[in-house]
Amino acid sequence: MPALRDIATSDLVELTAPAEGIPAGARGGVLELRDDNMAMVEITSLPLDSVERIIFVPLAQLRLVS
């Protein structure tokens, strides 16, 4: 079984739970990691005009996309 690594800046991630009106399963790139176990994520898998593209998500609600 491959070892899991921590999420880092520039990783492609997927939401495991809805966040800020964005549905679970949406994907985006990590722009910044914050000290409070939050990540700034730019959502790229949804249309530009449907939602805010940059959201703050707890790291526990993200998974790495391989």
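Parameters and conventions
Residues numbered from 1 in each chain as written. Predicted model: local features only at pLDDT ≥ 70, side-chain atom pairs only at ≥ 80, totals over all residues. Heavy atoms only, no water. Core = buried A, V, L, I, M, F, W, Y, C linked by side-chain atoms within 4.5 Å. Buried < 20%, exposed > 50% of the residue type's maximum accessible area, 1.4 Å probe, protein only. Helix = DSSP H or I, 4+ residues; strand = E, 2+ residues; numbered from the N terminus. Contact = heavy atoms within 4.5 Å. Pairing = 2+ DSSP bridges. Axes fitted to C-alpha atoms, helices over the stretch in contact; angles between N-to-C directions. Polar contact = N/O pair within 3.5 Å; in protein donor to acceptor, adjacent residues only side chain to side chain.

With that out of the way, let us pick up the nonpolar core. Counting 13 residues, the largest nonpolar core has Leu15, Val41, Ile43, Ile55, Val57 and Leu62 as the members making the most contacts within it. Secondary-structure elements contributing two or more residues to this core are strand 1 (12–15), strand 3 (38–43) and strand 4 (54–58). Broken down by element, the residue count for this core peaks at three residues, all from strand 3. Residues in contact with Ile43, not counting those within four places in the same chain, are Leu15, Ile22, Ala26, Arg27, Gly28, Arg53 and Ile55.

Of the strand pairs in this sheet, strand 1 and strand 2 (residues 27–33) are connected by three bridges, and their pairing is antiparallel. Note on strand 2: the bridge partner recorded for Val13 is Gly28. Here five bridges tie strand 2 to strand 3, and the two strands are oriented antiparallel to one another. Along strand 3, the bridge assignment pairs Gly29 with Glu42.

Bringing unusual backbone geometry into the picture now. At Glu20, a position not held by glycine, the phi torsion is positive, near 50°. For Glu20, the position within the fold is in the loop between strand 1 and strand 2. Of note, the phi angle at Asn37 is positive, near 60°, even though the residue is not glycine. Tracing the backbone shows Asn37 in the loop between strand 2 and strand 3.

This brings us to the sheet that holds strand 3. Strand order across the open sheet formed by five strands is 4-3-2-1-5, with antiparallel pairing between neighbours. Among the strands making up the open sheet, the edge pair consists of strand 4 and strand 5 (62–64). Ignoring which end each strand starts from, the neighbouring axes of this sheet average 45° apart.

The subject of this paragraph is the side chain of Glu14. The residue Glu14 is located in strand 1 in this model. Given the relative accessible area of 14%, Glu14 is considered buried. Of the polar contacts made by the side chain of Glu14, one reaches the side chain of Arg27; its length is 3.1 Å. Apart from the residues within four sequence positions on either side, Glu14 is in contact with Gly25, Ala26, Arg27, Gln61, Leu62, Arg63 and Val65.

These figures come from the coordinates and say nothing about function on their own.
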